[in-house]
Amino acid sequence: MKKSIDDIDFEKSGGLVPVIVQDANTKDVLTLAYANKESLELAKKTGNSWFWSRSRNKLWMKGEESGNTQKIKQILVDCDSDAIIYLVDPSGPACHLGEKVCFHNSL
């Protein structure tokens, strides 16, 4: 089923939805970030991973500082329209610590 940005339930979590970023080829989960409506619109328009930074309280595009961009191949929406997956082609590590994926620590 095709969804539009207006179908996304941003209000459920205070204006943000979680975004799982997954490598389109390997299916590795690269990171978890958050999007507001504006960042999701930018992601759809530009084909780059855009998010809302909760710590910096601003929009950011993955790779704008590191150069490790993520080209979006597909955007998937869950059945409740309150979570998203970006399937991406990454140009470098996803983690700001230089690791391939952000989920590299065990508990």
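Because the structure is a prediction, the values reported are computed rather than measured. (Residues numbered from 1 in each chain as written. Predicted model: local features only at pLDDT ≥ 70, side-chain atom pairs only at ≥ 80, totals over all residues. Heavy atoms only, no water.)

This part covers the overall build of the chain. For the chain, the helix and strand inventory stands at one helix and six strands. Reading the chain from its N terminus to its C terminus gives the helix and strand order β-β-α-β-β-β-β. Relative to a compact globule of 107 residues, whose C-alpha radius of gyration would be 13 Å, the chain shows 13 Å and is just as compact. Structurally, the chain occupies a C-alpha span of about 35 × 35 × 30 Å along its principal axes. Taking all 107 residues of the chain together, the buried fraction comes to 38%. Sequence-distant contacts, at least 24 apart, represent 43% of the contacts inside the chain between residues at least 6 apart. Accessible area of the chain: about 6600 Å², with a carbon and sulfur share of 50%. (Helix = DSSP H or I, 4+ residues; strand = E, 2+ residues; numbered from the N terminus. Rg over C-alpha atoms; globule rule 2.2 N^0.38 Å. Buried < 20%, exposed > 50% of the residue type's maximum accessible area, 1.4 Å probe, protein only. Contact = heavy atoms within 4.5 Å. Areas by Shrake-Rupley, 256 points an atom, 1.4 Å probe, with all protein chains shown as cover.)

Taken from the UniProt record, the annotation "domain: Phosphoribosyl-AMP cyclohydrolase" (unreviewed entry) applies to residues 32-104. Note that residues 32-104 is 14% helix and 37% strand, and that its end C-alpha atoms are spaced 13 Å apart. (UniProt positions renumbered as here; feature names shortened; annotations may be inferred.)

Under the definition given, this model contains two aromatic pairs. Their ring planes at 40° and their centres at 4.9 Å tell us that Phe-51 and Trp-60 sit as a pair that is tilted. An aromatic cluster of three or more residues is present, and its members are Phe-51, Trp-60 and Tyr-86. (Phe/Tyr/Trp six-rings, centres within 6.5 Å; stacked < 30°, edge-to-face > 60°.)

Take Val-19: it is sitting in strand S1 (residues 17-23). Taking the relative accessible area as the measure of exposure, Val-19 reaches 0% and is therefore buried. Taking the C-alpha atoms as reference points, Val-19 and Trp-50, 31 residues apart in sequence, are found 9.9 Å from one another.

Attention now moves to the environment of Phe-10. Position of Phe-10 among the secondary structure elements: in the segment before S1. Among the residues examined, Phe-10 registers a relative accessible area of 6% and is labelled buried. In sequence terms Phe-10 and Asp-80 are 70 residues apart; their C-alpha atoms lie 11 Å from each other. Not counting the four nearest positions on each side in its chain, Phe-10 is found in contact with Ile-5, Gly-15, Leu-16, Val-17, Ala-35, Asn-36, Lys-37 and Leu-40.

Glancing now at the pattern of salt bridges. Tallying each qualifying case throughout the model produces four salt bridges. With a closest N to O distance of 2.9 Å, Asp-6 and Lys-37 form a salt bridge. Highlighted residues: Asp-6 in the segment before S1 and Lys-37 in helix H1 (residues 37-46), separated in sequence by 31 residues. Assessed through its relative accessible area of 36%, Lys-37 is described here as partly exposed. (Salt bridge = Lys/Arg side-chain N within 4 Å of Asp/Glu carboxyl O.)

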